[in-house]
Amino acid sequence: MTTPAIVVPSPARIPYPGGCVTEPAFYALDYLLKWRADVTIAGTLHTDTEVLPLLKAVLADPAHYGVSADDAQAARTQFLQQAGQALEQEGGQRAWLEREI
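Scoring rules and cut-offs
Residues numbered from 1 in each chain as written. Predicted model: local features only at pLDDT ≥ 70, side-chain atom pairs only at ≥ 80, totals over all residues. Heavy atoms only, no water. Phe/Tyr/Trp six-rings, centres within 6.5 Å; stacked < 30°, edge-to-face > 60°. Helix = DSSP H or I, 4+ residues; strand = E, 2+ residues; numbered from the N terminus. Buried < 20%, exposed > 50% of the residue type's maximum accessible area, 1.4 Å probe, protein only. Expected span 1.5 Å × (residues − 1). Contact = heavy atoms within 4.5 Å. Pairing = 2+ DSSP bridges. Axes fitted to C-alpha atoms, helices over the stretch in contact; angles between N-to-C directions.

### Examining the packing of aromatic side chains
Given two aromatic rings, their pairing is described by the distance between the two centres and the angle made by the two planes. The tally for this structure, following the rule as stated, stands at one aromatic pair. Ring plane angle 15° and centroid distance 5.2 Å describe the contact between F26 and W96, whose orientation is recorded as stacked. With a gap of 70 residues between them, F26 in helix α1 (residues 24–34) and W96 in helix α4 (residues 94–100) connect regions that are remote in the sequence. We classify F26 as partly exposed; its relative accessible area is 47%. Classification of W96 as buried rests on a relative accessible area of 14%.

Put into structure tokens, the structure is as follows:
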């Protein structure tokens, strides 16, 4: 098995603070839109970066990051699957993330 050109870790359980801050689903969406992680793209480590804006940039110009359009789409699919599951655990909908990316 080969390593994907873009490696995005799975988000951990969303740290919902509880109380009346906001609804858990909307808090989770906001958290995932700003979620920071270490992302590897074509062997280059992007440390503690906001994942969603980085993925959007890669999707817009994959060649700039040294990956193919298929690699960028695979990373998008992986992100939506993993982050979507985390969002759904808090009562949200994966479609919310799909609209953002």
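From this point on, the discussion continues.
### Describing helix α3 (residues 69–89)
Three- or four-residue spacings in an α-helix give side chains the same orientation, since the helix completes a turn every 3.6 residues. The end-to-end C-alpha separation of α3 is 30 Å, in line with the 30 Å expected for 21 residues at 1.5 Å each. Of the surrounding elements, those touching the buried residues of α3 are β1 (6–7), α1, α2 (51–60) and α4. Backbone geometry just after α3 places G91 at a positive phi near 95°.

### Topic: the sheet that holds strand β3 (residues 44–50)
The sheet built from three strands is open, its strands ordered β1-β2-β3 with antiparallel pairing. Edge positions in the sheet fall to β1 and β3, since each has one partner strand and no second. Direction of pairing for β1 relative to strand β2 (residues 36–41): antiparallel, over a ladder of two bridges. If you follow V7 over to β2, its bridge partner there is T40. The strands touched by α2 within the sheet are β1, β2 and β3, with β3 carrying the most contacts at an inclination of about 130°.

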